[in-house]
Each structure stands twice: as C-alpha cells, then as structure tokens.
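The chain contents come next:
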Amino acid sequence: MIEQRILYIRESIAEAHRIEAKNHRLRDFLEAKLPELHHAISLPQGNGVDVLQEFITHYIEHVPDFLEALAEITKSAGVYEYAKKFLVIAEDYFFEPPELLEGHDGLLALIDEAYLAHRLIEEVNDRVMMASGLPLSPMDMTLSNIVVHDILGDQFANQLDLAVHYSMESLFETDSFFRNAHFENYLHTHNNDDWKEAIEKWPCLAGDSAIKLKLAHKPQGGSIH
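Read on for a plain summary of the structure.

Reading the values: rules and limits
- Residues numbered from 1 in each chain as written.
- Predicted model: local features only at pLDDT ≥ 70, side-chain atom pairs only at ≥ 80, totals over all residues.
- Heavy atoms only, no water.
- Helix = DSSP H or I, 4+ residues; strand = E, 2+ residues; numbered from the N terminus.
- Buried < 20%, exposed > 50% of the residue type's maximum accessible area, 1.4 Å probe, protein only.
- Contact = heavy atoms within 4.5 Å.
- Areas by Shrake-Rupley, 256 points an atom, 1.4 Å probe, with all protein chains shown as cover.
- Polar contact = N/O pair within 3.5 Å; in protein donor to acceptor, adjacent residues only side chain to side chain.
- Axes fitted to C-alpha atoms, helices over the stretch in contact; angles between N-to-C directions.
- Parallel < 35°, antiparallel > 145°, perpendicular 65-115°, else oblique.
- Nonpolar A, V, L, I, M, F, W, Y, C, P; charged D, E, K, R; others polar.
- Phe/Tyr/Trp six-rings, centres within 6.5 Å; stacked < 30°, edge-to-face > 60°.
- Lys NZ or Arg CZ within 6 Å of the ring centre and 35° of its normal.
- Left-handed = near helix turned anticlockwise from the far one by under 90°.

## Some points on the overall build of the protein
No. 1: When you go through the protein residue by residue, the secondary structure sums to nine helices and two strands.
No. 2: Reading the protein from its N terminus to its C terminus gives the helix and strand order α-α-β-α-α-α-α-α-α-α-β.
No. 3: The burial tally for the protein puts 49% of its 225 residues in the buried class.
No. 4: Counted over contacts in the protein with a minimum sequence separation of 6, partners at least 24 positions apart contribute 79%.
No. 5: With an accessible surface of roughly 11500 Å², the protein has 50% of that area assigned to carbon and sulfur atoms.

See the structure below:
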C-alpha cells in the first residue's frame, strides 16, 4: 500500500512540474520573495531565483524519496509498525492537505505540503533523539526547513508548524514507541555504523542544500530573527 501512495506523490509532483512549466507561479512567487529573505540566508553567487527554485524543487522531490527510504529501512530493521504511523501522516499531507492550503496549485502548492512532511520527520527525529540519544534517521532537514519557513512567511509557516504539533501529539500519546527491543536495536545498529549503509543505498538522506545560514545555532521555533 505504501508503495502505491508514494507513487501517487511522485505523480503529483510530476503533474506539478507540468503546471509550473505553463504558469510559472512558483518562479513568480520566489522572485517576489527574494528581496524579503532574511539576511542570515546565504545564497551562492549567481541567479538567486534559479538557486531558490532548484532548492525548492529538490525539497519537494525529497519527500517521496525520504518516505520510501524510511519505509525500507524500518521494514528491514523490524520496526516498521512503529514508524508507519508518522509515515502515513506525512503521506496524508499530500492526499488530504489541511484546509489552510487551499488556493495554490502546481509546485507552489507542494511547497506547503512538503514543508509539513519534512517538519513532521524533523520533529519525530528530535523526539527520538531526546528519548534515546540517537536519531531515527540520518537526514537532517533543520536548515532547509528554516529556509522554507522564511520563504513561506512566519504567519503561514507557524500555522503549518501548529498542524505538525497536533499530528505529533497523536503520534506520541505514550512512550511505547521507544520501549521495543527491536526499535532499540535498530537505533544502536545504525548509530554504530554511522548510517553508512543506509546513506550508500539512499544518497538522498545525506542532504545536498547549496543554501547556507549565517547562524551559530538553530533559532527557537524554526524562525529566523
């Protein structure tokens, strides 16, 4: 079932690319946002709009890659039943996006849905790290999520963060997620090999953002001040 859902997400992204090729709404949106970007966001030299568009495109396209990788990794480790709940919620952001996302189409609409999915994965990783000292997965989307938060604007991005918060509360009603022997073994096995095998099989997990932040630490709440 998850394979069909991920295929649907990939098809949605492909259709969004076709829409963008016709209406250029994502590019127009990024052109308007470029002068408003926080000064801490550092773009490489060149056309800023091109850099941002490539960054956003990769950000969106990584969602099904991450979901597929996490499904395969957790299945092979015998902990898929524990990971399935948050994978399904991340997928549902594409199948049944919140009402506050209405009014956008194409790649411009998928920024919002990708942000929800990536923020959910980030929060799951953070909670697992807090409980066990080890991350659930090797990807670190913190920087990318901060940049997208700024692109979306604080008011709207904070609404999306709140939607993720509600999802997290339903995910972690109890700490049984962390008390399974298979789950503990999974974390320690991947920690011991520094996730080398997983990253070799799923290179998307290593991250490839060309955008940097001129910050010494992660801001509270994902915002840049």
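## Section: the side chain of Asn125
No. 1: Assignment of secondary structure puts Asn125 in helix α5 (residues 106-132).
No. 2: A distance of 3.0 Å separates a polar side-chain atom of Asn125 from the backbone nitrogen of Ser137.
No. 3: Other than its neighbours up to four places away in sequence, Asn125 contacts Pro135, Leu136, Ser137 and Met139.

## Section: the packing of helix α1 (residues 2-23) against α5
No. 1: Their axes nearest at 7 Å, the elements α1 and α5 cross at an angle of 140°. Between α1 and α5, the angle falls in the class oblique. Two secondary-structure elements touch here, α1 through Ser12, Ile13, Ala16, His17, Ile19 and Glu20 and α5 through Gly106, Leu107 and Leu110.
No. 2: Taken together, the residues that form the contact of α1 with α5 break down as five nonpolar, three polar and one charged.

## Some thoughts on the packing of aromatic side chains
No. 1: Under the definition given, this model contains two aromatic pairs.
No. 2: For the ring pair Phe55 and Tyr59, a centre distance of 6.1 Å and an interplane angle of 35° mean the geometry is tilted. With Phe55 and Tyr59 both in helix α3 (residues 48-76) and four residues apart, this pair spans about one turn of that helix.
No. 3: On the basis of relative accessible area, Phe55 is assigned to the buried category, the value being 8%.
No. 4: Of note, Arg5 hangs over the ring of Phe95, and the distance from its end group to the ring centre comes to 4.4 Å.

## Some thoughts on the packing of helix α2 (residues 25-33) against α3
No. 1: Viewed as axis vectors pointing N to C, α2 and α3 meet at an angle of 125°, and their least axial separation amounts to 10 Å. Viewed along their axes, α2 and α3 adopt a mutual orientation that is oblique. As for how α2 packs across α3, the hand of that crossing is right-handed. The residues of α3 that touch α2, namely those facing Leu26, Arg27, Leu30 and Glu31, are Val49, Asp50, Leu52, Gln53 and Ile56.

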